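Geometric and topological summary
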Amino acid sequence: EDGGPKDEADLVAWLRDLLRRGSLWTDAVAIHVAWRTPRDGLPALAAEVAAAALPAERRKETLAMGAAFRRAAAAWDCPELAHWGGGPLPYPVAVAVLARARGAPEDDVVAAFLHAGAANLVSAAVRLVPLGQSEGLRALAALAADVVETADASRGADLAESGGACFAADIAAMRHETQYTRLFRS
């Protein structure tokens, strides 16, 4: 509606920015940091990650997804999530806590998380830009190296390095909060 990505090339550029400098980068850093954080430090880290999730709709989304993930994760017997103290639990922190507790490889988890995030956004673009399925698959394939590079680059980062710089995406998200017709939360 606001003239965002109009075709496959625009979509790839938009998502590449989110991977390298935006919300997907921030989430990748949050997973790595949560992985390194001792159990007793996780609630404070989760509160910091939640506070940094902007705009407001993104914060609501990550907390709702974190809560839903926590409920679903009960099937995997994860004491860290089962006994969460009721504070905010952003989605990337919840994913890191469960994956670490279950012995999943950290780098693989981050890459899978990033790929899933990009795939979800491609799926939305297929419907809203609109793009065809073939264009969506090509866009996702074009981002494969970016997913790996972002997963690798985020490994040693700390939260101070996780802020986004995707102003067009942030402004679009803020406008989306008040749009009359919306298909997605963010």
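Residues numbered from 1 in each chain as written. Predicted model: local features only at pLDDT ≥ 70, side-chain atom pairs only at ≥ 80, totals over all residues. Heavy atoms only, no water.

Concerning the overall build of the protein chain
Let me state the cut-off plainly: Put simply, DSSP H or I for four residues or longer makes a helix, DSSP E for two residues or longer makes a strand, and each gets a number counted from the N terminus. When accessible area is computed with a 1.4 Å probe and restricted to protein chains, residues below 20% of their type maximum are described as buried, those above 50% as exposed, and intermediate ones as partly exposed. Note on contacts: a residue pair is in contact if any heavy atoms of the two residues lie within 4.5 Å. Per-residue and other accessible areas follow the Shrake-Rupley method at a 1.4 Å probe size, with only the shown protein chains counted as cover for residues.
Check the secondary structure of the protein chain and you find 10 helices and zero strands. Overall, the protein chain shows an N-to-C arrangement of helices and strands of α-α-α-α-α-α-α-α-α-α. Relative to its 186 residues, the protein chain shows a buried fraction of 38%. Contacts spanning at least 24 positions in sequence make up 77% of the contacts within the protein chain whose residues lie at least 6 apart. When the accessible surface of the protein chain is split by element, carbon and sulfur atoms take 57% of a total near 9800 Å².

Quick word on helix 1 (residues 8–21)
Threshold: What a helix is expected to span follows from its residue count: subtract one and scale by 1.5 Å. The reported arc concerns the directions from the helix axis to the C-beta atoms and nothing else. We call two N or O atoms a polar contact when they sit within 3.5 Å, provided that within protein one can donate a hydrogen and the other can accept it, with sequence-adjacent residues counted only if both atoms are side-chain atoms.
If you check helix 1, its first and last C-alpha atoms are 20 Å apart, about what 14 residues at 1.5 Å a residue would give, namely 20 Å. Looking at helix 1, one finds that the buried residues are Leu11, Val12, Leu15, Leu18 and Leu19. One side of helix 1 carries all its buried residues, which in axial view fall inside an arc of 125°. Between a side-chain oxygen at the N-terminus of helix 1 and the backbone nitrogen of Ala9 the separation is 3.2 Å; the capping residue is Asp7.

Here's the deal with the packing of helix 1 against helix 7 (residues 106–128)
When two helices pack together, their arrangement is given by the angle between the helix axes and by the axis-to-axis distance. As a reminder, the rule being used: Only the contacting stretch of a helix is used when fitting its axis, a line to C-alpha atoms as for every element, and angles between N-to-C directions run 0 to 180 degrees. Working definition: roughly parallel below 35 degrees, roughly antiparallel above 145 degrees, roughly perpendicular at 65 to 115 degrees, and oblique for all remaining angles. Helix crossings get a hand from a simple test, with the near helix turned counterclockwise from the far one by less than a right angle marking a left-handed crossing and a clockwise turn marking a right-handed one. Classes in brief: Ala, Val, Leu, Ile, Met, Phe, Trp, Tyr, Cys and Pro nonpolar; Asp, Glu, Lys and Arg charged; the others, Gly included, polar.
At their nearest, the axes of helix 1 and helix 7 sit 11 Å apart, and the two run at 150° to each other. What the angle tells us is that helix 1 and helix 7 run roughly antiparallel. Both helix 1 and helix 7 take part in a crossing whose hand is right-handed. Touching Leu11, Leu15, Leu18 and Leu19 of helix 1 are Leu114, Ala118, Leu121, Val122 and Ala125, all from helix 7. Here the contact of helix 1 with helix 7 is composed, by residue class, of nine nonpolar, no polar and no charged.

Side note on the pattern of salt bridges
Put simply, the test is: Counted as salt bridges are all cases of a side-chain nitrogen of Lys or Arg within 4 Å of a carboxyl oxygen of Asp or Glu.
A full pass over the atoms with the stated rule returns eight salt bridges. In this structure, the salt-bridge partner of Arg20 is Glu149, at a minimum N-O distance of 3.9 Å. Of this pair, Arg20 sits in helix 1 while Glu149 is found in helix 9 (residues 144–154), placing the two residues 129 residues apart along the sequence. Here Arg20 falls in the partly exposed class, since its relative accessible area comes to 38%. Within the structure, one salt-bridge network assembled from shared partners comprises Arg16, Arg20, Asp146 and Glu149.

Some thoughts on the nonpolar core
Stated formally: Only buried Ala, Val, Leu, Ile, Met, Phe, Trp, Tyr and Cys residues count toward a nonpolar core, and they belong to the same one when joined by side-chain atoms within 4.5 Å.
If you look at the biggest cluster of nonpolar residues, it comprises 46 residues, and the most contacted ones within it are Leu11, Leu45, Leu81, Val93 and Leu114. Listing elements by their share of this core, those giving two or more residues are helix 1, helix 2 (23–36), helix 3 (42–52), helix 6 (91–101), helix 7, helix 8 (133–142) and helix 9. No other element matches the nine residues that helix 2 contributes to this core. When sequence neighbours within four positions are dropped, the list of residues in contact with Leu114 reads Leu19, Leu24, Ala28, Val147, Thr150 and Ala151.

A word on the environment of Pro43
Relative to the helices and strands, Pro43 is located in helix 3. Spatially, the C-alpha atoms of Pro43 and Trp84 are 8.0 Å apart, while their sequence positions differ by 41 residues.

A closer look at the packing of aromatic side chains
Spelled out, the test is: Each pair of aromatic rings taken from Phe, Tyr and Trp, with Trp reduced to its six-membered ring, is defined by centres within 6.5 Å and is described as stacked if the planes are under 30 degrees apart, edge-to-face if over 60, and tilted in the remaining cases.
Within the structure shown, the criterion is met by two aromatic pairs. Summarising the aromatic geometry, the rings of Phe69 and Tyr91 are spaced 5.8 Å apart at their centres and angled 75° between planes, so their arrangement reads as edge-to-face. In this pair, Phe69 sits in helix 4 (residues 56–72) while Tyr91 sits in helix 6, placing the two residues 22 residues apart along the sequence. On the basis of relative accessibility, which here comes to 22%, the residue Phe69 falls in the partly exposed class. Taking the centre distance of 5.3 Å and the plane angle of 40° together, the rings of Tyr91 and Phe113 count as tilted.

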